[in-house]
Amino acid sequence: GENVEQHPSTLSVQEGDSAVIKCTYSDSASNYFPWYKQELGKRPQLIIDIRSNVGEKKDQRIAVTLNKTAKHFSLHITETQPEDSAVYFCAASTGEWSYKYIFGTGTRLKVLA
Amino acid sequence: GAVVSQHPSRVICKSGTSVKIECRSLDFQATTMFWYRQFPKQSLMLMATSNEGSKATYEQGVEKDKFLINHASLTLSTLTVTSAHPEDSSFYICSARGSPSSYNEQFFGPGTRLTVL
């Protein structure tokens, strides 16, 4: 089955700097890769996603890149702000009958003011 | 649009009792619903996938007789934790996926924090 690895587990950056979180997946059939932000005790919130037919997607300060050959994808946050501090999860999904997500282990991002 | 609710948001119960958690899609028909469990400072672990009108598919290591899932309609799925024990204490989150036109995207409920004494 699918396995998703995520690095780093914790990340501290100064306000205004960039943050990069990387994930690798094992199932070459995976075709959808969402990124979620989760604050303590809250539901995960979708912040950006990318489909396998696209190599890069950007939404304001957030971007995601996908390398299908290497089976890895990355989240890039520029001009970080204290409110970006949260736990971020990547996930991989296949367009099979179940469309289930396999989540990465999470990255705790701290943006220092 | 695409709102998913869960009830209750918190529940505290005694060891040995059963607890039912409801997951509802409020403004769309959920052909598939998913149940996750999240322990403190850990990731979301998929427990099972349920399709309306059919039996749930459980992930490896999840006891189907302990975690009963019913997806009776296109807007409601329930998870019943039977004979709960302290090790079942966790944050349970459901998600729902709509018709095939919504591709892979899942919409998450707010979660239910279960504490078993």
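**Student:** I'd like a description of the nonpolar core, backed by residues and values.
**Tutor:** Residue and element names in this part refer to chain A. In terms of nonpolar packing, the biggest core is built from 25 residues, with Trp35, Phe73, Leu75, Tyr88 and Leu109 touching the most fellow members. Of all elements in the fold, only β2 (10-14), β3 (19-25), β4 (30-38), β5 (45-51), β7 (62-67), β8 (72-77), β9 (86-94) and β11 (107-112) reach the threshold of two or more residues within this core. Those residues in contact with Tyr88 that lie beyond four places of it in its chain are Gln6, Ile21, Tyr36, Lys37, Ile47, Leu75, Ile77, Gly106, Thr107 and Leu109.

**Student:** Break down the state of the cysteines for me, with residues and values.
**Tutor:** Considering all chains together, one arrives at two disulfides over all chains under this definition. A sulfur-sulfur distance of 2.0 Å marks the disulfide that ties Cys23(A) to Cys90(A). Its S-S torsion of approximately -100 degrees makes the covalent link between Cys23(A) and Cys90(A) left-handed. With Cys23(A) in strand β3 and Cys90(A) in strand β9, this residue pair connects regions lying 67 residues apart in the sequence. Taking the relative accessible area as the measure of exposure, Cys23(A) reaches 0% and is therefore buried. At a sulfur-sulfur separation of 2.0 Å, the disulfide partner of Cys23(B) is Cys94(B). Between Cys23(B) and Cys94(B) the sulfur-sulfur dihedral comes to about 80 degrees; the bridge is accordingly right-handed. Taken together, the positions of Cys23(B) in strand β3 (residues 19-25) and Cys94(B) in strand β9 (residues 90-97) put the pair 71 residues apart, joining distant regions of the chain.

**Student:** Tell me about the sheet that holds strand β8 (residues 76-81) of chain B, residues and numbers included.
**Tutor:** Residues and elements named next belong to chain B. Across the sheet, which stays open at both edges, the four strands sit in the order β1-β3-β8-β7 with antiparallel pairing between neighbours. Two strands lie at the open edges of the sheet, namely β1 (4-7) and β7 (67-73), each paired on one side alone. This sheet shows a mean twist of 15 degrees between the axes of neighbouring strands, independent of strand direction. Taken together, the six bridges between β3 and β8 define a ladder with antiparallel strand orientation. For Val19, the partnering residue across the bridge sits in β8 and is Val81.

**Student:** Please give an account of the environment of Phe107(B) that cites residues and values.
**Tutor:** Residue and element names in this part refer to chain B. You can see Phe107 is positioned in strand β10 (residues 107-108). Taking C-alpha positions, Phe107 is 6.5 Å from Val4, a pair spaced 103 residues apart along the chain. Once residues lying within four places of it in the same chain are set aside, the contact partners of Phe107 are Ala2, Val4, Phe28, Cys94, Ser95 and Ala96.

**Student:** Could you give an account of the side chain of Ser90(B), with specific residues and numbers?
**Tutor:** Residues and elements named next belong to chain B. Among the structural elements, Ser90 can be located in strand β9. There is a polar contact of 2.9 Å between the side chain of Ser90 and the backbone oxygen of Gln38. Not counting residues up to four positions away in its chain, the partners in contact with Ser90 are Arg37, Gln38, Phe39, Thr112, Arg113 and Leu114.

About the cut-offs
- Residues numbered from 1 in each chain as written.
- Chains lettered and ligands numbered in written order.
- Predicted model: local features only at pLDDT ≥ 70, side-chain atom pairs only at ≥ 80, totals over all residues.
- Heavy atoms only, no water.
- Core = buried A, V, L, I, M, F, W, Y, C linked by side-chain atoms within 4.5 Å.
- Buried < 20%, exposed > 50% of the residue type's maximum accessible area, 1.4 Å probe, protein only.
- Helix = DSSP H or I, 4+ residues; strand = E, 2+ residues; numbered from the N terminus.
- Contact = heavy atoms within 4.5 Å.
- Disulfide = S-S within 2.5 Å.
- Pairing = 2+ DSSP bridges.
- Axes fitted to C-alpha atoms, helices over the stretch in contact; angles between N-to-C directions.
- Polar contact = N/O pair within 3.5 Å; in protein donor to acceptor, adjacent residues only side chain to side chain.

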